[in-house]
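Next come the chains, spelled out residue by residue.
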Amino acid sequence: MADHICGDDPEPCEPGPAGCRGSLYVPVRPGPAGCAALLLRTPLGGRTAVGFTSAQRLTATLGREQGWIRLAEPALRSLTEPLGVTAVAVDPSIRPLAVAR
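In this text, all values refer to a predicted model and were calculated from it rather than measured experimentally. (Residues numbered from 1 in each chain as written. Predicted model: local features only at pLDDT ≥ 70, side-chain atom pairs only at ≥ 80, totals over all residues. Heavy atoms only, no water.)

Student: Can you explain the pairing of strand β4 (residues 47-51)? Please cite residues and give values.
Tutor: Among the five residues in β4, four count as buried, and that is most of the element. Here strand β3 (residues 39-41) folds back onto β4, and the loop between the two strands holds five residues, one of which, Gly45, carries a positive phi near 95 degrees. Pairing of β4 with strand β6 (residues 88-90) involves three bridges; the strand directions are parallel. By the bridge assignment for β6, Gly51 is matched with Val90. (Buried < 20%, exposed > 50% of the residue type's maximum accessible area, 1.4 Å probe, protein only. Helix = DSSP H or I, 4+ residues; strand = E, 2+ residues; numbered from the N terminus. Pairing = 2+ DSSP bridges.)

As structure tokens, this is what we get:
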């Protein structure tokens, strides 16, 4: 399994109407200012943030070399919302999704 490339900073999660799942394993890619959350495209072309409920699910879907960080679902939403991404897919299959450019 790939080591985290951006540290381990899980945030607490308050249960609420958004269906918070606690800490997620969020795939990341290197960016000019550090790490950036990996965004995927749905079959209809919309961008979505992704998170996995375990490191094993993440590596089974994206491969052992995929870097990741742990974030609470609300933190992931806060990071991607300024980019116009409001959807979060949890434990997605890679088949219906593609890496967003």
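Student: Which residues make up the nonpolar core, and what values go with them?
Tutor: One finds Leu24, Val26, Val28, Leu39, Ala49, Ile69, Leu71, Ala75, Leu76, Val85 and Val88 forming the largest nonpolar core, which totals eleven residues. Contributing elements (two or more residues each) for this core: β1 (23-31), β5 (68-72) and α2 (73-80). By residue number, the principal contributor to this core is β1, which donates three residues. Within the second largest apolar cluster, nine residues are counted, among which are Tyr25, Leu40, Ala55 and Trp68. (Core = buried A, V, L, I, M, F, W, Y, C linked by side-chain atoms within 4.5 Å.)

Student: Go over the environment of Arg77, please, and point to the residues and values.
Tutor: Tracing the sequence through the fold places Arg77 in helix α2. Between the alpha carbons of Arg77 and Ala87 there is a distance of 7.8 Å; along the sequence they are ten residues apart. Once you skip the residues sitting within four places of it in the chain, Arg77 turns out to touch Thr86 and Val88. (Contact = heavy atoms within 4.5 Å.)

Student: Quick one: what's the story with the environment of Ser23, residue by residue and with numbers?
Tutor: With respect to the helices and strands, Ser23 occurs in strand β1. Sequence spacing of Ser23 and Glu73 is 50 residues, and the spatial spacing of their C-alpha atoms is 6.6 Å. Among the polar contacts made by the side chain of Ser23, one reaches the side chain of Arg70 at a distance of 3.2 Å. (Polar contact = N/O pair within 3.5 Å; in protein donor to acceptor, adjacent residues only side chain to side chain.)

Student: Account for the side chain of Gln66, with residues named and values stated.
Tutor: In this structure, Gln66 sits in the loop between α1 (55-62) and β5. A polar contact of 2.7 Å, which involves the side chain of Gln66, links it to the backbone oxygen of Val28.

Student: Which residues make up unusual backbone geometry, and what are the values?
Tutor: The backbone phi angle of Asp91 is positive, close to 55 degrees, even though this residue is not glycine. Looking at the secondary structure, you find Asp91 in the loop between β6 and β7 (98-99). Classification of Asp91 as partly exposed rests on a relative accessible area of 25%.

Student: Mind laying out the packing of aromatic side chains, listing which residues take part and the relevant values?
Tutor: Throughout the structure, instances matching the rule amount to one aromatic pair. Arranged with centres 4.9 Å apart and planes meeting at 65 degrees, the rings of Tyr25 and Trp68 form a pair that is edge-to-face. Within this pair, whereas Tyr25 is found in strand β1, its partner Trp68 is found in strand β5, the two being separated by 43 residues in sequence. We note that Tyr25, like Trp68, is buried. (Phe/Tyr/Trp six-rings, centres within 6.5 Å; stacked < 30°, edge-to-face > 60°.)

Nothing here speaks to function; it is all geometry.
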